[in-house]
Amino acid sequence: MADPLLISILIFVIAIFTGYELITKVPPTLHTPLMSGSNAISGIIVIGALVVAGRGHSDLSIVLGVVAVALATINVVGGFLVTDRMLKMFRPRERPDSNKPDSGPPK
Amino acid sequence: MSEQATINLINGLYIVAAVLFILGIKFLGSPRTARRGNALSALAMLIAVGVTLISEEIVEFEWIILGVVIGSVIGVILARTVQMTGMPQMVAVLNGFGGGGSALVAAAEFMRVNDLVRTGDLSAVSEDVAAIALFSTALGALTLTGSLVAFGKLQGLVTTRPLMLPARNIINALLGIAIIAISVYLVFEPNNPELYALVGILGALFGILLVIPIGGADMPVVISLLNSYSGVAAAATGFVLNNNILIVAGAVVGASGLILTRIMTKAMNRSLSNVMLGGFGAESSSSTGGPAPGERPYRSVTAEDAAMILGYSQSVIFVPGYGLAVAQAQHAVKELASLLQERGITVKYAIHPVAGRMPGHMNVLLAEADVPYDQLLDLDQSNPEFERTDVAVVIGANDVTNPAARTNPESPIYGMPILNVDKASQVIVLKRSMATGFSGIDNDLFYLDNTAMYFGDAKKSVQDLVSEVREIE
């Protein structure tokens, strides 16, 4: 069996290439949602935080872990919700009721 | 279920989550599928969290629930209340929190492994793990404070002018060397929790010093780069915890931020190091040696004149910039556009990649005002259009329309790809005054024969145009 670290590095490199290929295809009009959406994905650290806090190894690791869980959860929940809010607004054509945008009146 | 079967199931679910993340990003490639893509990514996150909760030896559920509840409440409130013009600040803050999370997780894991060595449960802290944990903590702390400074600048809490500390390049270099030196020592002598904390603190200090000298208009680059860092820090923590889903998701985000960073620096015709060394725009307008801004003759028009020009044209292109966001003028612009369209005038929008304070900032604002995205043109699409356009209306954009970037090799922005607004038959520039833009350079566009300056607050000006266009006939 190969060194697990090598396998992890392999996974890392393949993921970078995959990400690179996919993201270069995202049009400029979606760059802000791409950013906030990928931001939410970087909140994946929440699972690391869950492990660290949940194992209850020492008081210090619980404190660090719980703070990390809270920070990462803000990142995940806030990120996905705000991205959805933005993407809801993107429309290909003029809507008949275009005077009533769904996120706040014009004034 | 046997132990091996459980492990296989868990790994299988992690693979499902990884695939869903990648599909989610793929679907973000088109406005039609983007919302579904975001939902897929969220589902992937849910699966990853679920698998983690059942698979790891989690005993402290009360504490975890506390953290999740606090985080969720704050996350929901932020996502619901943030204004679309405040999106750059929002992304900056979320970025910072992700980075901070990575720093803390890596630190906690490092301490735990150290404890295991002390109690004799583990022979030694592996050098790779120690090195990667230190890297993750330093980078995560840097991302946290850098993002908070960026937030402060975008929110107007910290000056948006580049702030230049004396000898800051030397300070930064020393700080970098100190972080690396302490880290190397810790890799071989890991049993020093205080020193480990010091690496985090120095990383945090580095983040502040790195972003403080960078001016407001360079924020698109900074935010993209911090986005990338938060991904890389997550991936690094994945190596520490030996968790592949963290590595995959972190790597994809790291790549995403890096690509956006490159697009932004290219659109400014500057290198990344030039942006990160900071200070662009710190000097005042004296550099070009020409006449002071506003001293050359220019033509100014009233709302009525501008409305006449617009109302009797056949094609109009709006060129929005950060000024539009500041004045919250997007709904007024859309109202004006609809009015012009009712008169049979073709309306489009030309968007420069670095218009606003983050990549795609203008597109989101116009989407909020219900502008269909197929009316939005990017740099390459818009430039051939200007020659065929009757009126270009510049709203709160400046440097990205300066023809000096094309014509004057002496200009500091020479070579930067710009929107060729000057090629339109007529140009109306909405602006508060003749003051220079962020770069401190006077804009040659304002003095052209076919340019009319229309002074005032962007939102008020556009609203006046709406009333005046209604008056025609």
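Residues numbered from 1 in each chain as written. Chains lettered and ligands numbered in written order. Predicted model: local features only at pLDDT ≥ 70, side-chain atom pairs only at ≥ 80, totals over all residues. Heavy atoms only, no water.

Draft legend 1. Representation of the overall build of chain B within the structure. Assigned secondary structure in chain B consists of 17 helices and six strands. A principal-axis box enclosing the C-alpha atoms of chain B has dimensions of 85 × 55 × 35 Å. Long-range pairs, those at least 24 residues apart, make up 78% of the contacts in chain B with a sequence separation of at least 6. For chain B, the exposed area adds up to about 18900 Å²; of that, 60% sits on carbon and sulfur atoms. (Helix = DSSP H or I, 4+ residues; strand = E, 2+ residues; numbered from the N terminus. Contact = heavy atoms within 4.5 Å. Areas by Shrake-Rupley, 256 points an atom, 1.4 Å probe, with all protein chains shown as cover.)

Draft legend 2. Seen up close, the pattern of salt bridges. Here the structure, examined in full by the defined rule, presents 13 salt bridges over all chains. Salt-bridge contacts for Arg470 of chain B lead to Glu335 of chain B; the nearest nitrogen and oxygen are separated by 3.6 Å. In this pair, Arg470 of chain B is assigned in helix H17 (residues 458–471) and Glu335 of chain B in helix H13 (residues 330–342), connecting sequence segments 135 residues apart. Using a relative accessible area of 51% as the deciding quantity, one classes Arg470 of chain B as exposed. With a shortest N-O distance of 3.4 Å, Arg388 of chain B and Glu385 of chain B are connected by a salt bridge. In the salt-bridge network here, residues are joined through shared partners; they are Arg55 of chain A together with Glu109 and Arg112 of chain B. (Salt bridge = Lys/Arg side-chain N within 4 Å of Asp/Glu carboxyl O. Buried < 20%, exposed > 50% of the residue type's maximum accessible area, 1.4 Å probe, protein only.)

Draft legend 3. Quick peek at the domain arrangement of chain B. Residue and element names in this part refer to chain B. Segmentation of chain B into domains returns domain 1 (1–81), domain 2 (87–277) and domain 3 (290–471). Placing a centre on the C-alpha atoms of domain 2 and another on those of domain 3 gives a separation of 38 Å. Listed by partner, the interface residues are 19 residues for domain 2 and 13 residues for domain 3. Across the domain 2/domain 3 interface, buried area totals approximately 1400 Å², and carbon plus sulfur atoms make up 74% of it. For domain 2, the biggest contributors to the area lost against domain 3 are Pro88, Ala217 and Ala267; these three give 31% of the whole. For the pair domain 2 and domain 3, the number of links is zero salt bridges. Connecting domain 2 to domain 3 are two residue pairs in polar contact (both at pLDDT 80 or more). Only helix H4 (87–118), helix H8 (219–241) and helix H9 (244–268) provide two or more residues apiece to the side of domain 2 that touches domain 3. Ranked by the residues each element gives to the side of domain 2 that touches domain 3, the list is headed by H9, at five residues. (Domains from an automatic or database assignment. Buried area = accessible area lost by both parts, 1.4 Å probe. Polar contact = N/O pair within 3.5 Å; in protein donor to acceptor, adjacent residues only side chain to side chain.)

Draft legend 4. Here's a closer look at the packing of helix H4 (residues 59–89) of chain A against helix H3 (residues 61–81) of chain B. For the pair H4 of chain A and H3 of chain B, the least separation of the axes is 7 Å and the interaxial angle reads 30 degrees. Taken together, the axis directions place H4 of chain A and H3 of chain B in an arrangement best described as roughly parallel. By crossing handedness, the relation of H4 of chain A to H3 of chain B is classed as right-handed. Split by residue class, the contact of H4 of chain A with H3 of chain B holds 16 nonpolar, seven polar and two charged. (Axes fitted to C-alpha atoms, helices over the stretch in contact; angles between N-to-C directions. Parallel < 35°, antiparallel > 145°, perpendicular 65-115°, else oblique. Left-handed = near helix turned anticlockwise from the far one by under 90°. Nonpolar A, V, L, I, M, F, W, Y, C, P; charged D, E, K, R; others polar.)

Draft legend 5. Geometry of the packing of aromatic side chains. Residues and elements named next belong to chain B. Under the defined criterion, the tally for this structure stands at five aromatic pairs over all chains. Over the aromatic face of Tyr312 sits the side chain of Arg343, whose NZ or CZ is 5.6 Å from the ring centroid. When the ring centre of Tyr322 is taken as reference, the NZ or CZ atom of Arg357 above it lies at 3.6 Å. (Phe/Tyr/Trp six-rings, centres within 6.5 Å; stacked < 30°, edge-to-face > 60°. Lys NZ or Arg CZ within 6 Å of the ring centre and 35° of its normal.)

Draft legend 6. Structural context of the confidence of the model for chain A. Residues and elements named next belong to chain A. Averaged over every residue, the pLDDT of chain A is 84; residues scoring 70 or more account for 85%. Model confidence for chain A, summarised as mean pLDDT per element, is weakest for helix H1 (residues 4–23) at 90 and strongest for H4 at 93. Contacts from residues 97–107, a stretch scored under 50 in pLDDT, to residues over four places away or in other chains number ten contacts. (pLDDT = per-residue confidence, 0-100.)

Draft legend 7. Quick peek at the pairing of strand S1 (residues 315–320) of chain B. All names here are of chain B. Counting buried residues along S1, six of its six residues qualify, which places the element largely inside the surrounding structure. A two-sided burial pattern is seen for S1, the buried positions comprising Ser315, Ile317 and Val319 on one face and Val316, Phe318 and Pro320 on the other. Two elements, S1 and strand S2 (residues 346–350), share four bridges in a ladder whose sense is parallel. Counterpart to Ser315 in the pairing with S2 is Thr346. (Pairing = 2+ DSSP bridges.)

Draft legend 8. Region of the structure containing the interface of chain A and chain B. Residue-level contacts link 84 residues of chain A with 109 residues of chain B. Here chain A meets chain B over a buried area of about 8400 Å², counting both sides, of which 74% is carbon and sulfur. For chain A, the biggest contributors to the area lost against chain B are Met35, Arg55 and Ile74 of chain A; these three give 8% of the whole. If you look at where chain A meets chain B, you find two salt bridges. One salt bridge connects Arg35 of chain B with Asp84 of chain A, and the closest N-O pair in it is separated by 2.8 Å.

Draft legend 9. Molecular detail of unusual backbone geometry. Residue and element names in this part refer to chain B. For Gln328, which is not glycine, the phi torsion reads 55 degrees and is therefore positive. Mapped onto the elements, Gln328 comes out in the loop between helix H12 (322–327) and H13. Looking at Gln328, the relative accessible area reads 26%, which means it is partly exposed. Here Asp370, not a glycine, exhibits a phi torsion of approximately 75 degrees, which is positive. Structurally, the position occupied by Asp370 is in the loop between helix H14 (361–368) and strand S3 (376–377). By relative accessible area, Asp370 is classed as buried at 5%.

Draft legend 10. Quick look at the sheet that holds strand S4 (residues 391–395) of chain B. All names here are of chain B. What the six strands build is an open sheet, ordered S3-S2-S1-S4-S5-S6; its pairing is parallel. Pairing within the sheet leaves two strands with one partner each, and these edge strands are S3 and strand S6 (451–455). Across the sheet, H13 touches S1, S2 and S4, and the angle it forms with S2 is around 150 degrees. Along the sheet, H17 makes contact with S4, strand S5 (426–431) and S6, crossing S6 at roughly 110 degrees.

Draft legend 11. Summary view of the packing of helix H1 (residues 3–27) of chain B against H9 of chain B. Residues and elements named next belong to chain B. Running from amino to carboxyl end, H1 crosses H9 at an angle of 10 degrees, the nearest separation of the two axes being 9 Å. One way to sum up the angle between H1 and H9 is to call them roughly parallel. Contacts between H1 and H9 involve Tyr14, Ala17, Ala18, Phe21, Ile22 and Ile25 on the former and, on the latter, Ile245, Val248, Ala249 and Val252. Taken together, the residues of the contact of H1 with H9 sort by class into ten nonpolar, no polar and no charged.

Draft legend 12. Seen up close, the nonpolar core. Core analysis: the largest hydrophobic core is formed by 154 residues, its most contacted members being Ile44 of chain A together with Phe318 of chain B. Among all residues touching Ile44 of chain A, those that are not within four sequence positions of it are Phe21, Met45, Ala48, Ala234, Ile245, Leu246 and Ala249 of chain B. Grouped together as the second largest cluster of nonpolar side chains are 30 residues, Met264, Ala350, Leu379 and Ile418 of chain B included. (Core = buried A, V, L, I, M, F, W, Y, C linked by side-chain atoms within 4.5 Å.)

Draft legend 13. Up close: H14 of chain B. Burial within H14 of chain B is extensive, with eight of its eight residues counted as buried. Directly beyond the C-terminal end of H14 of chain B, a positive phi value near 75 degrees is found at Asp370 of chain B.

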